[in-house]
Amino acid sequence: ARATDEQFSQLVERATTDTAELSGEFILTSLYILAPLVIPILKSFQTSHPKVIVRYLTGERLFRLDYGEAHVAVRAGPKPSLPEHIVQPFIHTRVGLYASADYISRNGIPQTSEDFANHCFIGLDNLNSGPPFNLNIWMRENIPEKNVVLRGTDVFVIEHAVLSGIGIGFFPAEKAKQHTDLIEISPHQDEWDVPFWLITHADLHQTAKVQAFLSFLQEKADEQAS
């Protein structure tokens, strides 16, 4: 407890000693799937504030802002309810069910949801936990377990498996536009979409460094969404 208190106190001190010229360490954490969006933003942020050293921590582990493990967290799924934290909406990712032209040429397109039992699917290794939670729930409730023929722990593995023609799987709609051989095989459902949230601890939220980054992040995300 003493070490945690000291760590958080150091994080607060580093944030509250910001001046007009930001400097020092800034820690951001998110799922690694957001790296393609976040990295260009971090580049622009550091160009504007060259004395800031960024630590970008990715993975499914939930870093504790109240323990001083990060300044800002980006998390997916239902809106978090965290005492003494500020939670703001970030981006909303549209997700659909897709299959490759190769898979469809061999197996056809499911005509109804009941027809899913005649098709192969790709999903996460553990459909009972972990992000994206809503997609795991839908697949667990609608696809027979035996039909999930390939499972992986990495979202990028799932996407590449869909592209290779192994089976049907979830794919971000915007990214699917980059692959002309991908075909959306089922009408879109709003429950598949994945919201992301910006989270800060109340003690750090108004500091110059955190506010500068949050403004930068939201501005760049709005530009990419438009």
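Preceding block: the structure.
Residues numbered from 1 in each chain as written. Predicted model: local features only at pLDDT ≥ 70, side-chain atom pairs only at ≥ 80, totals over all residues. Heavy atoms only, no water.

J.: I'd love a proper account of the sheet that holds strand S10 (residues 194-201), names of residues and values included.
T.: Pairing is mixed in the open sheet, where 5 strands are placed in the order S2-S1-S3-S10-S4. The open sheet has two edge strands, strand S2 (51-58) and strand S4 (85-93), and neither has a second partner. Mean inter-strand twist for the sheet, computed between neighbouring axes without regard to direction, equals 20°. The pairing of strand S3 (residues 72-76) with S10 spans 5 bridges and is antiparallel. When the bridges of S10 are listed, Arg75 appears paired with Trp197. (Pairing = 2+ DSSP bridges. Helix = DSSP H or I, 4+ residues; strand = E, 2+ residues; numbered from the N terminus. Axes fitted to C-alpha atoms, helices over the stretch in contact; angles between N-to-C directions.)

J.: An account of the sheet that holds strand S9 (residues 182-184) is needed here, citing residue identities and associated values.
T.: Strands sit in the order S8-S5-S9 across an open sheet of 3 strands; the sheet is antiparallel. Of all strands in the sheet, those with a lone pairing partner are strand S8 (169-172) and S9, marking the two edges. Across this sheet, the average inter-strand angle for adjacent strands is 55°, counted without regard to direction. Taken together, the 4 bridges between strand S5 (residues 95-100) and S8 define a ladder with antiparallel strand orientation. Residue pairing for S8: Gly96 is matched across the bridge by Phe171.

J.: Outline unusual backbone geometry, listing residues and values.
T.: For Glu84, which is not glycine, the phi dihedral falls at a positive 65°. Mapped onto the elements of the fold, Glu84 is located in the loop between S3 and S4.

J.: Requested: an account of the pattern of salt bridges, with residues and values cited.
T.: Taken as a whole and assessed by the stated rule, the structure comprises 7 salt bridges. Ionic pairing is found between Arg55 and Glu25, a salt bridge with its closest N-O pair at 3.8 Å. With Arg55 in strand S2 and Glu25 in strand S1 (residues 23-30), this residue pair connects regions lying 30 residues apart in the sequence. For Arg55, a relative accessible area of 38% translates into the label partly exposed. Residue classification places Glu25 among the partly exposed positions, given a relative accessible area of 23%. Of the charged contacts in the structure, one is a salt bridge between Glu159 and Lys175, with a shortest N-O distance of 3.0 Å. Taken as a pair, Glu159 in helix H5 (residues 155-164) and Lys175 in helix H6 (residues 173-176) lie far apart in primary sequence, 16 residues in all. (Salt bridge = Lys/Arg side-chain N within 4 Å of Asp/Glu carboxyl O. Buried < 20%, exposed > 50% of the residue type's maximum accessible area, 1.4 Å probe, protein only.)

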